[in-house]
Amino acid sequence: MTTTIAASPGATRPTTSEFLPYYERYIALVPEGDVISTLATQMTETQTLLHALPASVATYRYAPEKWSVNELVGHMIDSERIFSGRALRFARNDPTPQPGFEQDDYVRGATFDAYPLADLAAELDAVRQATIFLLRHLDEQAWTRRGTANNAEVSVRALAYIIAGHELHHRDVLSTRYL
């Protein structure tokens, strides 16, 4: 007798009806497979990259008016907190529409350059661990629930993929434009 093991809800990519077209740029970066495993693996890779950087590059900007390395990492932290907070609310059937956020305002309102890059890397890792715990404990129904964020409908599953793709996008920016 063979036993069929159901695929994890996180192994199913969101359909285009689950997110705004803008987010396809992030979701397309996420490899096939379980998104929770991807989130864990890619954070290991991102942490390896961040820990290899000398402290002297923390406030480096590749062009005027661009974020520093610290600000880029801080943006990743803020964005993941916001996206995972949305996922929590929608997974719990909270119908309250969630506002959008202006990333540049968030970076301007923060003091990321006042901290060691190593501290920001540790904070990013802690935020990712919290995201993984949240997603790991969702049932199949919760993954497919939807809510409104920034005046558009989005599913919990799409938010998980957006988090993963957002990190991959910014890791690529860090590697290609800063290093």
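Above this text is the structure in question.
Residues numbered from 1 in each chain as written. Predicted model: local features only at pLDDT ≥ 70, side-chain atom pairs only at ≥ 80, totals over all residues. Heavy atoms only, no water.

### Focus: the pairing of strand 2 (residues 152-155)
Then comes step 1: As paired strands, strand 1 (residues 146-149) and strand 2 are joined by four bridges and run antiparallel to one another. Along strand 2, the bridge assignment pairs glycine 147 with valine 154.
Then comes step 2: In sequence, strand 1 turns back onto strand 2 through a hairpin of two residues, with asparagine 150 there showing a positive phi of about 55°. (Pairing = 2+ DSSP bridges. Helix = DSSP H or I, 4+ residues; strand = E, 2+ residues; numbered from the N terminus.)

### Description of the pattern of salt bridges
Then comes step 1: One pass over the full model with this rule turns up 12 salt bridges.
Then comes step 2: The partner of glutamate 80 in a salt bridge is arginine 128, with the nearest N and O atoms 2.7 Å apart. Separated by 48 residues along the polypeptide, glutamate 80 in helix 3 (residues 69-91) and arginine 128 in helix 5 (residues 117-136) bring together distant segments of the chain.
Then comes step 3: Here glutamate 80 falls in the buried class, since its relative accessible area comes to 4%.
Then comes step 4: Exposure remark for arginine 128: the relative accessible area of 0% places this residue in the buried category.
Then comes step 5: Measuring nitrogen to oxygen at the nearest pair gives 2.8 Å for the salt bridge that ties arginine 89 to aspartate 94.
Then comes step 6: Note on arginine 89: relative accessible area 31%, which makes it partly exposed.
Then comes step 7: By relative accessible area, aspartate 94 is classed as partly exposed at 22%. (Salt bridge = Lys/Arg side-chain N within 4 Å of Asp/Glu carboxyl O. Buried < 20%, exposed > 50% of the residue type's maximum accessible area, 1.4 Å probe, protein only.)

So yeah, pure geometry; function would need other evidence.
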